[in-house]
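Architecture at a glance
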2 protein chains.
Amino acid sequence: MDLITKGAAEIIPSEALRERVAKSAASGVPMRIKAGFDPTAPDLHLGHTVLIRKLRHFQQLGHTVIFLIGDATALIGDPTGRNVTRKPLTREEIGRNAETYKEQVFKILDPGKTEVRYNSEWLDELGFEGMIRLAAKATLSQMLERDEFHKRFQEEQPISVHEMLYPLVQGYDSVMLKCDVELGGTDQKFNLMRGRDLQRDAGQPPQIILMTPILEGLDGVQKMSKSLGNAIGIHEPAGEMYGKLMSISDDLMWKYYTLLTDLRGSEIDAMRDEVSHGGLHPMKVKKDLAWSIVRDFHSATDADAADGVVVRLPKLLHLAGLASSAGEATRKIGENAVSMDGEKYADKVLRGVKAGGSVALRLGKKSVRVDWVK
Amino acid sequence: MDLITKGAAEIIPSEALRERVAKSAASGVPMRIKAGFDPTAPDLHLGHTVLIRKLRHFQQLGHTVIFLIGDATALIGDPTGRNVTRKPLTREEIGRNAETYKEQVFKILDPGKTEVRYNSEWLDELGFEGMIRLAAKATLSQMLERDEFHKRFQEEQPISVHEMLYPLVQGYDSVMLKCDVELGGTDQKFNLMRGRDLQRDAGQPPQIILMTPILEGLDGVQKMSKSLGNAIGIHEPAGEMYGKLMSISDDLMWKYYTLLTDLRGSEIDAMRDEVSHGGLHPMKVKKDLAWSIVRDFHSATDADAADGVVVRLPKLLHLAGLASSAGEATRKIGENAVSMDGEKYADKVLRGVKAGGSVALRLGKKSVRVDWVK
């Protein structure tokens, strides 16, 4: 229970998970755990891995985990967290994205013990009649109880009729997969609850929902999302990933520890204590985090190589006063206006940095020498 | 134009119909005229025939008319005029009703010149993706502009999500059928307009909509509807049909003339004038109406037989003071408590009535002699 509830923000109903785990242990029948991902972008990022790691926890305990690729729901686009209607994707885009998801997810899950499913399997079979009967299972008022819809409705932002079908379809997936538990972010609560309604309606025991907190992206403010440009993709090169992780705030670092590593809560708390008493430097703790995450998606060797030897150049140029912002610095690098130790340097990442060494940077007429402290 | 606009309540856009008729005449390409009927009840009634007669007018002018049986939309149930969600029908019930509609409609239309279509043809093909893309073409706010939805929403009456799909699906039918004109009652305006939107979206010239007034039933108040018990079914026996028609109010009679006969507007106006000046007895005019309608759905011989020889007994017993209401009289007839000329009489209709003759009626202890005036 410690493992599967670690980092959970809310479990509904709160006591039912323990009971169902006990029942599964007594009967020897594994529980069926679903997490669904709509392949609306070409790559998975660390935000997705919060749920995938949680799937792995259940997998480690012998339960059946279902990595559900929402290739049919991607056509609708989950309205969660959106204040505008998503642009619909084509089947081809969705198919390509789905293939990438499938490759990338096995960096975390055990392929031999994972059911990979596509919801087009049953949604394409549903037909006109099935869709109508499904849509008849909810009312407009129930849909407007949803925060996002209510807000958009009040603010006279358009809500497309098809967006109201999304929660019902997600719930129908749970019926078809006979889920015992569905995982999702806290912003998914409305959708996750529909699964309970529809399972009850279909004569199944309603699934338990386990919600994880929203993982903020590099900016520490908004939910990690490729379209917001604050994401760390799990396909990114080790150095890039390491550099991005080193750029997060000290506060956010603890949340990343909880949601993106397998350290126990008690271990994380102990580290945090040590840092607050000055016994441990936060930079060291952050390096360990970055190392651990790079190891998960690449290898320990790659993580070693990235550790301490990568510096993001735009941020450095800004901090050193050569550019008014990291954005400006990025532009200048693109314009080939930056030199390092007297030579043009057009890479956004500085490699081969050694503690105790130094480097001479120039941008336009300004130059500066940076010393790498031990 | 006189024939096709006779009795029309509204044409949108008002000038376009004349133009499209002229274009069709010039090109020799007939227009495509659709009227759709959801087989939600086992029989057609006179209310349906208002539109079917209008289809015939177009047919008489050489245009292609489409009698669309909404076997797929019947699964949703048109929310028009409803303040509660309809109970869904099964495919079997719908199929049986659709068969009856098909038989009954050719009492008015020429079978050789009518396209009978079922919207399951294309809706069953639409699939999950098609439904989603269709539902994406309207917003919740547009749907709530519809009077019925707005009213139900304000009054916190439930609106099912599937009801919002109905207008879109009806519009999609027009796209698939490439309609030039769609016919419907004035209460159908919202649904009919969706066809224009979706045709424009699909690159087709938007259909012209021709709306007919709502036909009130026997009560003269509510829209004719089988479920309200105020309908005259086109399958009903000649005597029954005749008797029911004779029971409508003098006011309603004129509307029936306009919508249920082929008399020109000017002829009807002339008759009305004559009645108001006392030159013509309204009973005579009503008999002619009843005769004409019975002739249309049975034969002139049947109409002759029904004309003047059928009296609805419950109403007569009430008028004669033997029962406190027609309802009570109906009950008493069912209990075998009524005698005519000394013999038990258990039929709700009196036949063989001859002007100048008379009949002795008894109910319980009360009796009365009725003389048939010439």
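Small disclaimer: the values here were computed from a predicted structure and weren't measured.

Quick look at the overall build of chain A now. A count of helices and strands for chain A gives 16 helices and twelve strands. Taken over C-alpha atoms, the radius of gyration comes to 23 Å for chain A, in line with the 21 Å a tight globule of 374 residues would show. Classification of the 374 residues of chain A by burial places 51% in the buried group. Considering only contacts within chain A whose residues lie at least 6 apart along the sequence, 69% involve residues at least 24 apart.

Time to look at the interface of chain A and chain B. Contact residues are listed per partner, giving 31 residues for chain A and 31 residues for chain B. Regarding the contact of chain A and chain B, the summed buried area is about 2,800 Å², with carbon and sulfur atoms giving 75% of it. Per-residue buried area on chain A facing chain B is highest for Phe128, Leu140 and Val161 of chain A; these three make up 27% of the total on that side. Linking chain A to chain B there are two salt bridges. A salt bridge links Glu129 of chain B to Arg91 of chain A, with the shortest nitrogen-to-oxygen separation between them at 2.6 Å. In this assembly, chain A and chain B are joined by eight residue pairs in polar contact (both at pLDDT 80 or more).

Moving on to the relation of the copies chain A and chain B. What connects the two chain copies is a rotation about an axis and a shift along it. For the pair chain A and chain B, the best superposition has an RMSD of 0.2 Å and corresponds to a rotation of 179° with a translation of 0.0 Å parallel to the axis. Considering both components of the superposition, the chain copies are consistent with a two-fold axis. Taking C-alpha positions as reference, the residue of chain A nearest the rotation axis is Gly127 of chain A, located at 2.3 Å.

Okay, the sheet that holds strand E6 (residues 208-212) of chain B next. Residues and elements named next belong to chain B. Here we have six strands laid out as an open sheet, ordered E1-E6-E5-E2-E3-E4, and mixed in their pairing. The sheet terminates laterally at strand E1 (10-12) and strand E4 (114-118), the two strands that pair on one side only. Going from strand to strand, the sheet's axes swing by 25° on average, the running direction of each strand aside. Inspection of the sheet shows strand E2 (residues 32-37) paired to strand E3 (residues 64-69) by six bridges, in the parallel sense. Paired with Ile33 across the strands is Val65, a residue of E3. On top of the sheet, helix H4 (residues 91-105) reaches E2, E3 and E4; it is set at about 150° to E3, its chief contact. Across the sheet, helix H9 (residues 189-201) lies against E1, strand E5 (181-185) and E6, angled at about 165° from E6, the strand it touches most.

Residues and elements named next belong to chain A. Applying the stated criterion across every chain yields a total of 50 salt bridges over all chains. Close ionic contact of Asp197 with Arg194 constitutes a salt bridge, the shortest N to O distance being 2.9 Å. In this pair, Asp197 and Arg194 both sit in helix H9 (residues 189-201), three residues apart, roughly one turn of the helix. Taking the relative accessible area as the measure of exposure, Asp197 reaches 33% and is therefore partly exposed. On the basis of relative accessibility, which here comes to 16%, the residue Arg194 falls in the buried class. Put simply, Lys332 and Glu335 hold a salt bridge, and the shortest N to O gap is 3.8 Å. Each member of the salt-bridge network shares a partner with another, and the members are Arg53, Arg56, Asp262, Arg295 and Asp296.

Our focus in this paragraph is unusual backbone geometry. Pro13 of chain A follows Ile12 of chain A through a cis peptide bond whose omega is -10°. Looking at where Pro13 of chain A falls in the secondary structure, it is placed in the loop between strand E1 (10-12) and helix H2 (16-27). Unlike most non-glycine residues, Glu156 of chain B shows phi in positive territory, near 55°. For Glu156 of chain B, the position within the fold is in the loop between helix H7 (147-154) and helix H8 (166-177). Exposure remark for Glu156 of chain B: the relative accessible area of 71% places this residue in the exposed category. Look at Asp341 of chain B: it is not a glycine, yet its phi comes out positive at around 50°. Looking at the secondary structure, you find Asp341 of chain B in the loop between strand E8 (338-340) and strand E9 (343-344).

Another point: the side chain of Ser24 of chain B. Residue and element names in this part refer to chain B. As for its placement among the helices and strands, Ser24 is situated in helix H2 (residues 16-27). Overall, Ser24 belongs to the buried group, its relative accessible area being 9%. Discounting chain neighbours no more than four positions away, the residues touching Ser24 are Val29, Pro30, Met31 and His63.

The subject of this paragraph is the pairing of E5 of chain B. Consecutive side chains of a regular strand alternate in pointing toward one face of the sheet and then the other. Residues and elements named next belong to chain B. Counting buried positions along E5 yields five of five residues, so the element is predominantly enclosed. Burial along E5 is two-sided: Val181, Leu183 and Gly185 and Glu182 and Gly184, pointing in opposite directions, are all buried. Bridging between E2 and E5 involves two bridges; their strand directions are parallel. Bridged to Ile33 within E5 is Val181.

Counting residues in each nonpolar core, the largest one holds 68 residues, and the members touching the most others are Phe128 of chain A together with Phe128 of chain B. Not counting the four nearest positions on each side in its chain, Phe128 of chain A is found in contact with Ala72, Thr73, Leu75, Ile76, Leu123, Asp124, Met131 and Val169 of chain B.

Thresholds, definitions, all that
Residues numbered from 1 in each chain as written. Chains lettered and ligands numbered in written order. Predicted model: local features only at pLDDT ≥ 70, side-chain atom pairs only at ≥ 80, totals over all residues. Heavy atoms only, no water. Helix = DSSP H or I, 4+ residues; strand = E, 2+ residues; numbered from the N terminus. Rg over C-alpha atoms; globule rule 2.2 N^0.38 Å. Buried < 20%, exposed > 50% of the residue type's maximum accessible area, 1.4 Å probe, protein only. Contact = heavy atoms within 4.5 Å. Buried area = accessible area lost by both parts, 1.4 Å probe. Salt bridge = Lys/Arg side-chain N within 4 Å of Asp/Glu carboxyl O. Polar contact = N/O pair within 3.5 Å; in protein donor to acceptor, adjacent residues only side chain to side chain. Least-squares fit on C-alpha atoms with pLDDT ≥ 70 in both. Pairing = 2+ DSSP bridges. Axes fitted to C-alpha atoms, helices over the stretch in contact; angles between N-to-C directions. Core = buried A, V, L, I, M, F, W, Y, C linked by side-chain atoms within 4.5 Å.

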